[in-house]
Amino acid sequence: MGRVYNFSAGPAVLPEEVLREAAAEMLDYHGTGMSVMEMSHRSKAFGEIIDTAEQDIRDLMGIPDNYRVLFLQGGASQQFAMIPMNLMKNRVADYIVTGQWAKKAAKEAEKYGKVNRIASSEDKTFSYIPDCSDLPVSEDADYVYICENNTIYGTKFKKLPDTKGKTLVADVSSCFLSEPVDVTKYGIIYGGAQKNIGPAGVVIVIIREDLITEDVLPGTPTMLAYKTHADAKSLYNTPPAYGIYMCGKVFKWIKSQGGLGAMKEKNEKKAKLLYDFLDQSRLFKGTVVPEDRSLMNVPFVTGDEDLDAKFVKEAKEAGLENLKGHRTVGGMRASIYNAMPYEGVAALVEFMKKFEEENL
Ligand SMILES: *Cc1c(COP(=O)(O)O)cnc(C)c1O
């Protein structure tokens, strides 16, 4: 049984080279006689793994010295609570609601303070990014929150909102390391690893140092204070060690591909192939306004639910897996993350052409 082209939104495809390397090191990591899974997180070998991983993501993203990189657990969803617990000094925050993940984050933050939803695209089922050039940012807002790439709906902020000087917090789970980024524009950039980086179980938080304080909301658990993890260099307790090791391998792989500039070029080329096909197709149609299209998640429909289901089934038989859209929106979605090769997207487009001929 060979490998399929896996279009899953997450957990998602990983670079084959990375998986092969991990397989080769499975029983004996670098002469230690044990797997990384079996090793103390306080060992010298693991210390080198986590330090190297941090340095590599710093190199890739150009992370300035006044930002910390934390490798945490609890998924992106745990950050929905951790962010307000740590940042809501005035108990006010502004949220831009561009999809289910931002909506969930806003709802969670409401447990801790006042949440102002200062923009939304829910009126058109999140098929676009609202104009964020002159928002009614609250005077006492502790931060402005966005979900930068909307995994379910396939939209992406091409321009960051004008936060009028307030701290920007961004969930980048599904666009992490997909293109160059100016870290200095954000207070916090965070994401779950299982979309574009590594296995599930790791969430990476890049946070500006001045936001790491002891002054958190009363009752904040020790494990949910950024300071706990920053002070202990992500080793306060047992971290998701194997996942961090895999993330580190992916960072090296991205470096070997030429870094984030090269990733962006490849991602644009892949996405263009699929969007260009969708734009001229007589059967399939993209669901997002062209100017806000994501490079990572591409939703599309035929307009007929039965035909969508037939497409997903036949695609699977042809080795193109996990093309079913999110359960809340239906249709199809192709997630074409960093590790999806151009050939995978080309195979999908060829299959779509054939399906269109047979079903029109
Ligand atoms: C998948 C996803 C989440 C949820 O991630 P978990 O790690 O499952 O909590 C949050 N935000 C975005 C943008 C996602 O794509």
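How do you make sense of the sheet that holds strand 11 (residues 285-286) when you look at a structure like this?
Sheets are built from strands paired through backbone hydrogen bonds, the pairs being either parallel or antiparallel. Pairing is antiparallel in the open sheet, where three strands are placed in the order 11-12-14. The two strands at the open ends of the sheet, each matched to only one other strand, are strand 11 and strand 14 (332-335). Where strand 12 (residues 297-301) and strand 14 come together, four bridges link them in antiparallel fashion. Bridging across to strand 14, Val-298 finds its partner in Ala-334. This element, helix 7 (residues 259-280), spans strand 11, strand 12 and strand 14 of the sheet and lies at about 20° to strand 12.

Mind showing me how you'd approach the environment of Ser-77 here?
Within the fold, Ser-77 resides in helix 3 (residues 75-87). It is 28 Å that separates the C-alpha atoms of Ser-77 and Glu-16, two residues lying 61 residues apart in sequence.

In this structure, what is going on with the sheet that holds strand 3 (residues 92-97)? I would like to understand it.
Spatially, 2-10-9-8-5-3-4 is the arrangement adopted by the seven strands of the open sheet, whose pairing is mixed. Two strands in the sheet have a free side with no partner beyond their single neighbour: strand 2 (67-72) and strand 4 (114-120). Ignoring strand direction, the axes of neighbouring strands in this sheet form an average angle of 20°. In this structure, strand 5 (residues 144-147) lies alongside strand 8 (residues 168-171), joined through four bridges in parallel fashion. Directly across from Val-144, in strand 8, lies its bridge partner Leu-168.

Explanation requested: the site of the ligand in the structure shown.
Surveying the vicinity of the ligand reveals the residues Gly-75, Ala-76, Ser-77, Phe-80, Trp-101, Cys-147, Asn-149, Thr-151, Asp-171, Ser-173, Gln-194 and Lys-195. Contacts to the ligand include Ser-77, whose side-chain N or O atom sits 2.6 Å from an oxygen atom. Note that an oxygen atom of the ligand is positioned 2.4 Å from one of the side-chain N or O atoms of Thr-151. For the ligand, whose free accessible area comes to 390 Å², the fraction covered by protein is 86%. Top contributing element to the shell around the ligand by residue count: helix 3, with four residues.

I'm lost on the packing of helix 2 (residues 44-61) against helix 6 (residues 241-256) in this one. Help?
Axes are the key here: two packed helices are described by the angle between their axes and the distance separating the axes. Where helix 2 meets helix 6, the axes come as close as 9 Å, and the angle between the chain directions of the two elements is 40°. The orientation of helix 2 relative to helix 6 falls into the category oblique. The chirality of how helix 2 crosses helix 6 is left-handed. Here Phe-46, Ile-49, Ile-50, Thr-52, Ala-53, Asp-56, Ile-57, Asp-59 and Leu-60 of helix 2 come into contact with helix 6, specifically with Ala-241, Ile-244, Tyr-245, Gly-248, Phe-251, Lys-252, Ile-254 and Lys-255. For the contact of helix 2 with helix 6, a count of residues per class yields 11 nonpolar, two polar and four charged.

For this particular structure, what's the right way to read the nonpolar core?
If you look at soluble globular proteins, the nonpolar side chains tend to sit buried side by side. Of all hydrophobic cores here, the largest spans 88 residues; its most connected members are Met-61, Leu-177, Ile-204, Ile-206, Phe-251, Phe-284 and Phe-311. Per element, the largest residue contribution to this core is 10 residues, and it comes from helix 6. With 31 residues, the next largest nonpolar core counts Leu-70, Leu-72, Tyr-190 and Ile-207 among its residues.

What is the right way to look at the packing of helix 3 against helix 4 (residues 100-109) in this model?
Between helix 3 and helix 4, whose axes approach to 9 Å, the crossing angle comes to 40°. If you check the angle between helix 3 and helix 4, you find them oblique. The handedness of the crossing between helix 3 and helix 4 is right-handed. Contacts between helix 3 and helix 4 involve Ser-77, Phe-80, Ala-81 and Pro-84 from the former and Trp-101, Lys-104, Ala-105, Glu-108 and Ala-109 from the latter. Grouping the amino acids of the contact of helix 3 with helix 4 by side-chain chemistry returns six nonpolar, one polar and two charged.

What counts as what
- Residues numbered from 1 in each chain as written.
- Predicted model: local features only at pLDDT ≥ 70, side-chain atom pairs only at ≥ 80, totals over all residues.
- Heavy atoms only, no water.
- Pairing = 2+ DSSP bridges.
- Helix = DSSP H or I, 4+ residues; strand = E, 2+ residues; numbered from the N terminus.
- Contact = heavy atoms within 4.5 Å.
- Axes fitted to C-alpha atoms, helices over the stretch in contact; angles between N-to-C directions.
- Near = heavy atom within 4 Å.
- Polar contact = N/O pair within 3.5 Å; in protein donor to acceptor, adjacent residues only side chain to side chain.
- Areas by Shrake-Rupley, 256 points an atom, 1.4 Å probe, with all protein chains shown as cover.
- Parallel < 35°, antiparallel > 145°, perpendicular 65-115°, else oblique.
- Left-handed = near helix turned anticlockwise from the far one by under 90°.
- Nonpolar A, V, L, I, M, F, W, Y, C, P; charged D, E, K, R; others polar.
- Core = buried A, V, L, I, M, F, W, Y, C linked by side-chain atoms within 4.5 Å.
- Buried < 20%, exposed > 50% of the residue type's maximum accessible area, 1.4 Å probe, protein only.

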